[in-house]
Amino acid sequence: MIRSEVLERIRKTPEVSVLIIGAGINGIGTFRDLALNGVDTLIVDKGDFCSGASSASSHMAHGGIRYLENGEFRLVHEAVQERNRMIENAPQHVRPLPTTIPIFKIWSGLLNAPLKFLNLLDKPSERGAIVIKVGLIIYDSFTRKQKTVPPHQFHNRAYSLGKYPQLDKDVKFTATYFDGQILSPERYSIDLIQDAVDEGGHAMALNYASVEKSGEDGVVLHDEVTGEKIRVKPRVIVNAAGPWIDGVNEELGLRERYIGGTKGSHLVLDIPELREAIGDHEFFFENKDGRIVLIFPFYDKVIVGTSDLPVTNVDDVVCTPEEEKYFIDLVARIFPNIKINSKDIVFRFSGVRPLEYSKAKTTGQITRDHSIKHDQFGTIPVLSLVGGKWTSFRAFSSQVCDEVLQHLGKTRRAGTEELKVRGGLAYPQSQIEKDEWISNLAHETGLSNPYAASLFERYGTYASKIGRDVIEISAEPLQSLPDWTRGEVVSILRNESVIHLDDIFQRRSSIAWVGQLTLAALKEVAEIAAAELGWQPEKKDAEITRTVNEMREKHGINLA
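Given the structure is predicted, the values throughout are model-derived calculations rather than measurements.

S.K.: Help me understand the environment of Ser 371, please; the structure alone is not making it clear to me.
M.R.: Within the secondary structure, Ser 371 sits in strand E17 (residues 370–377). Linking Ser 371 and Met 60, residues 311 residues apart in sequence, is a C-alpha distance of 21 Å. Setting aside its immediate chain neighbours within four residues, Ser 371 contacts Glu 356, Ser 384, Leu 385, Val 386 and Phe 396.

Here it is, written out as structure tokens:
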């Protein structure tokens, strides 16, 4: 995935069967599926890969148990099956996650669903044990045959307080079921892109390239790095721009309103007491205002979220002080004795869910389902991918791929239901097998066992390729990030279309997310990037300044 090679290919051959606009997870999933089926496809994004809505998810692969209350049984059924597929096909990125619901009432919430159907409910009453039990029985039934995760369990107050001593003493029950944890959505996306590009040379991926209208037989790509404009002539356009779908369509002269997204923000907290209190469980519950919220293990940190607010300006969303206070307060609802303040926050993130435009009374009633909208740009069909969620991306992408193949007069030759994602191939299952795999990598490469374990955690079995790169380039640890080597950084710079420093820290890795990004780390990696990418001193300084500003303005972190 060398960016300069992609640009040269487009200059020489502007004709392409499919142009996908937007490299979030829906676009990337469609890109991979089309490549697998031999379709020459170009995916572009005005920013980096997975830098928009897909980067701001709650890091969960879940069926959406609360959607049952909206009557969205098809969506939940699809999502829990897809959750299991993600755990099986991308085990390096998605792991089974025990999820615990603290329950403070028994009968409450029985009328929530009927009142919602009658459009008479603005704010639901708190769900009690009976409602939650029924929901979990239905939830488990959707994937009973797959048996990827265990069925739910209910526990009484004594058991619950014994297992979670910090839990609010008013709890009556806890219910525990399984969903999935996506450790790094960004890394997952990069792996999917790389798999597509490796699939027979049919696929090209280009970041930092926006789209402009140019007649009715094609579009112009504007290279945001150099300013160059290149004409492209696709037979089909897939608009996968997420919250920006309406803006992209407007650029093409299409005026329909499809998107009415909502804002979701989160905090990443460094509080060992809270991390110990939740263990390896997500806590999923209602806050006092009826909003479903979560406290979620994230490496040795904790994610707290999420909000669900109407939004008008998609480009300017950040986690506000009001949201920050809301998140800090919600922890006290479940763990009243654990104190949190703003100094415990190591990262803030916020994004816009690309939900379908709706006149629902509350944001929680807006469907999370996905759909394809059809338009025409001259003679070119335009398919806009509205809605969807991380968990169901593969199913949605498969549906889109089928429609595109129909437009092109082609037949499907391969599916993705059981297709492993890069480092998920030959992934060891038990902890003993994982330890053995890591020891073999260390022995074969001469790398230390702890560093081999870090590579395995980041890349799965693809760590063997990264490990070989490290040995060939340099196994020298970074002074500011001893868990990283110079060779690993160079391997990313050479193979993953890195344009800016923040691409490395936020999307090729989780360094910024877990609070490990310091000014020293920024400068050290900038030196490596400058040497590898040929940056002049002023360019290197500009990249450092860009990342410092990005972290301060979008994530509330002051590196300076």
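This is not the end of the story, as more comes after the structure.
S.K.: Can you walk me through the packing of aromatic side chains in this structure?
M.R.: The geometry of an aromatic ring pair is captured by the separation of the ring centres together with the interplanar angle, meaning the angle of the planes. Counted according to the given criterion, the structure contains 13 aromatic pairs. Look at Phe 347 and Phe 349: their rings are 6.3 Å apart centre to centre, the planes differ by 35 degrees, and that puts the pair in the tilted class. Classification of Phe 349 as buried rests on a relative accessible area of 2%. Aromatic pair Trp 437 and Phe 456: ring centres 5.3 Å apart, planes at 40 degrees, arrangement tilted. Here Trp 437 is found in helix H12 (residues 431–445), whereas its partner Phe 456 is found in helix H13 (residues 449–459), with 19 residues between them in sequence. We classify Phe 456 as buried; its relative accessible area is 6%. A network of ring pairs unites the aromatic residues Tyr 164, Phe 283 and Phe 335 as a single cluster. Geometry around Tyr 462 places Arg 422 over its ring, the cationic atom sitting 4.3 Å from the centre. Across the ring face of Trp 535, the terminal group of Lys 539 is positioned such that the distance to the ring centre comes to 5.5 Å.

S.K.: Looking at this model, I keep getting lost on the pattern of salt bridges. Mind explaining?
M.R.: Side chains bearing opposite charge may pair, as long as their charged atoms lie close to each other. Using the criterion set out here, one finds 37 salt bridges in the structure. Its salt-bridge partner being Glu 496, residue Arg 508 comes within 3.9 Å of it at the nearest N-O pair. Linking Arg 508 in the loop between helix H16 (501–507) and helix H17 (519–533) with Glu 496 in the loop between helix H15 (486–495) and H16, this pair joins segments that are twelve residues apart in sequence. The buried category is assigned to Arg 508, whose relative accessible area is 1%. Between Glu 553 and Arg 552 there is a salt bridge whose closest N-O contact spans 3.6 Å. Overall, the relative accessible area of 54% leaves Glu 553 in the exposed class. Classification of Arg 552 by relative accessible area gives partly exposed; the value is 40%. Each of the salt bridges in this network shares a partner with another, and the network as a whole consists of Asp 48, Arg 187, Asp 191, Glu 496, Asp 502, Asp 503, Arg 507, Arg 508 and Arg 546.

S.K.: I keep staring at empty space enclosed by the protein and nothing clicks. Help me out?
M.R.: Summary: where empty space remains is shown by rolling a probe the size of a single water molecule over the atoms. Counted according to the given criterion, the structure contains two cavities of 30 Å³ or more. Considered as a void within the structure, the largest cavity measures approximately 90 Å³ in volume. Lining the largest cavity are Arg 32, Glu 82, Arg 85, Met 86, Asn 89, Tyr 188, Thr 391, Phe 393, Arg 394, Thr 416, Leu 419 and Val 421. When residues of the lining of the largest cavity are traced back to their parent elements, those giving at least two are helix H3 (73–89) and helix H11 (393–408). Take the lining of the largest cavity: its biggest share by element is four residues, from H3. For the lining of the largest cavity, a count of residues per class yields five nonpolar, three polar and four charged. What the second largest cavity holds in volume is close to 40 Å³. What lines the second largest cavity is Gly 29, Arg 32, Asp 33, Phe 393, Arg 394, Ser 397 and Thr 416. Classifying every residue of the lining of the second largest cavity by side-chain character gives one nonpolar, three polar and three charged.

Rules of the game
Residues numbered from 1 in each chain as written. Predicted model: local features only at pLDDT ≥ 70, side-chain atom pairs only at ≥ 80, totals over all residues. Heavy atoms only, no water. Helix = DSSP H or I, 4+ residues; strand = E, 2+ residues; numbered from the N terminus. Contact = heavy atoms within 4.5 Å. Phe/Tyr/Trp six-rings, centres within 6.5 Å; stacked < 30°, edge-to-face > 60°. Buried < 20%, exposed > 50% of the residue type's maximum accessible area, 1.4 Å probe, protein only. Lys NZ or Arg CZ within 6 Å of the ring centre and 35° of its normal. Salt bridge = Lys/Arg side-chain N within 4 Å of Asp/Glu carboxyl O. 1 Å grid on protein atoms, 1.4 Å probe; cavity = no way out; pocket = protein on both sides within 12 Å on 5 of 7 lines; lining within 4 Å. Points joined across faces, edges and corners; volume = space filled by probe spheres on them. Nonpolar A, V, L, I, M, F, W, Y, C, P; charged D, E, K, R; others polar.

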